[in-house]
Each structure stands twice: as C-alpha cells, then as structure tokens.
Amino acid sequence: MFIVRYRAAVSRNHVHLTNMTTGATVTRTSACSFSSESRLIADPKGAATFIGELIRELEGRRRWFRFLPIVDVTLAGGLTTPEDRGAVRRIFVEHGFVRVRVS
C-alpha cells in the first residue's frame, strides 16, 4: 500500500499544510473565521470546509489515487482544549485520512 504523509499546523483561522512526500505546501488564513477567543475550532463546519479546500488545492485530482494518507497536526496559538483536538481529528478523518496524530 502507498502511504502519503502530511504535516499540518492549525492556528487561529490559519492552516499550513505540507505533503511530506512531494514537499508541496499551502498556507492560508481563512476569510471566514472558524476560531473564537476561547476555542481554536469554534466552527467545525467552517474549519472542515476551509481545510478541505486546502487539501484539494494541494493535491488536486491526484489525491483520490492515494490509499493511506496520514497526517501529523500541530495545534498552535495558545491553549487548546480536548474538544479542539477532537474536532481537528474528526475534520481530517472526514477528509479521508486514515491516521491522524494531533499534538
């Protein structure tokens, strides 16, 4: 099976995503806020839409031919809650990642 590794950094309304196999990187700040003063992921649906757009931008159609995408996610920008870590994990799983490590 073909494994593709990604690294992501999620901070307040900002995501940095790198395909570790190809070195391709995309970094964007969301036009629609998904964070609040007390939560990194206050709007899970908005964050999922934004991260999905970044994945499609980074990988395009080629992503559908990958079998085992895995991602290491770093949460930055202050205190994060267990709910934030769980929300980030669910977002990446919903986008087809088979292994998600959140730190």
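As a starting point, this report considers the structure included with it. (Residues numbered from 1 in each chain as written. Predicted model: local features only at pLDDT ≥ 70, side-chain atom pairs only at ≥ 80, totals over all residues. Heavy atoms only, no water.)

**A look at the nonpolar core**
Okay, so step 1: Within the largest apolar cluster, 27 residues are counted, with the highest numbers of intra-cluster contacts made by Val10, Leu17, Ile41, Val71, Val73 and Phe92.
Okay, so step 2: At the level of secondary structure, the elements contributing two or more residues to this core comprise β1 (3–11), β2 (14–19), α1 (44–59), β4 (68–75), α2 (82–94) and β5 (99–102).
Okay, so step 3: Considering each element in turn, this core owes the most residues, seven residues, to α1.
Okay, so step 4: In this structure isoleucine 41 touches Val10, Phe34, Ala47, Asp84, Ala87, Val88 and Ile91, once residues within four positions along its chain are discounted. (Core = buried A, V, L, I, M, F, W, Y, C linked by side-chain atoms within 4.5 Å. Buried < 20%, exposed > 50% of the residue type's maximum accessible area, 1.4 Å probe, protein only. Helix = DSSP H or I, 4+ residues; strand = E, 2+ residues; numbered from the N terminus. Contact = heavy atoms within 4.5 Å.)

**Regarding the environment of methionine 20**
Okay, so step 1: Tracing the backbone shows methionine 20 in the loop between β2 and β3 (25–29).
Okay, so step 2: When its relative accessible area of 42% is taken as the criterion, methionine 20 is described as partly exposed.
Okay, so step 3: The sequence separation of methionine 20 and arginine 5 amounts to 15 residues, and the corresponding C-alpha distance is 5.4 Å.
Okay, so step 4: Those residues in contact with methionine 20 that sit more than four places away from it in its chain are Arg5, Tyr6 and Arg7.

**Comments concerning the pattern of salt bridges**
Okay, so step 1: Summed over the entire model, instances satisfying the criterion amount to three salt bridges.
Okay, so step 2: Between aspartate 72 and arginine 101 there is a salt bridge, with its nearest N and O atoms 3.2 Å apart. Separated by 29 residues along the polypeptide, aspartate 72 in strand β4 and arginine 101 in strand β5 bring together distant segments of the chain.
Okay, so step 3: You can call aspartate 72 partly exposed: its relative accessible area is 28%.
Okay, so step 4: Classification of arginine 101 as exposed rests on a relative accessible area of 54%. (Salt bridge = Lys/Arg side-chain N within 4 Å of Asp/Glu carboxyl O.)

**Let's talk about the packing of aromatic side chains**
Okay, so step 1: Taken as a whole and judged by the stated rule, the model has three aromatic pairs.
Okay, so step 2: Seen from their ring centres, tyrosine 6 and phenylalanine 97 are 5.2 Å apart, and the 80° between their planes marks the pair as edge-to-face. Linking tyrosine 6 in strand β1 with phenylalanine 97 in the loop between α2 and β5, this pair joins segments that are 91 residues apart in sequence.
Okay, so step 3: On the basis of relative accessibility, which here comes to 3%, the residue tyrosine 6 falls in the buried class.
Okay, so step 4: You can call phenylalanine 97 buried: its relative accessible area is 3%.
Okay, so step 5: Judged by centre distance (6.0 Å) and plane angle (35°), the ring pair of phenylalanine 34 and phenylalanine 50 falls under tilted. Taken together, the positions of phenylalanine 34 in the loop between β3 and α1 and phenylalanine 50 in helix α1 put the pair 16 residues apart, joining distant regions of the chain. The residues phenylalanine 34 and phenylalanine 50 share a single accessibility class, namely buried.
Okay, so step 6: One aromatic cluster is present, formed by Tyr6, Phe92 and Phe97 through successive ring pairs. (Phe/Tyr/Trp six-rings, centres within 6.5 Å; stacked < 30°, edge-to-face > 60°.)

**A look at unusual backbone geometry**
Okay, so step 1: One non-glycine residue, asparagine 13, adopts positive backbone phi at about 60°.
Okay, so step 2: Within the fold, asparagine 13 resides in the loop between β1 and β2.
Okay, so step 3: Taking the relative accessible area as the measure of exposure, asparagine 13 reaches 14% and is therefore buried.

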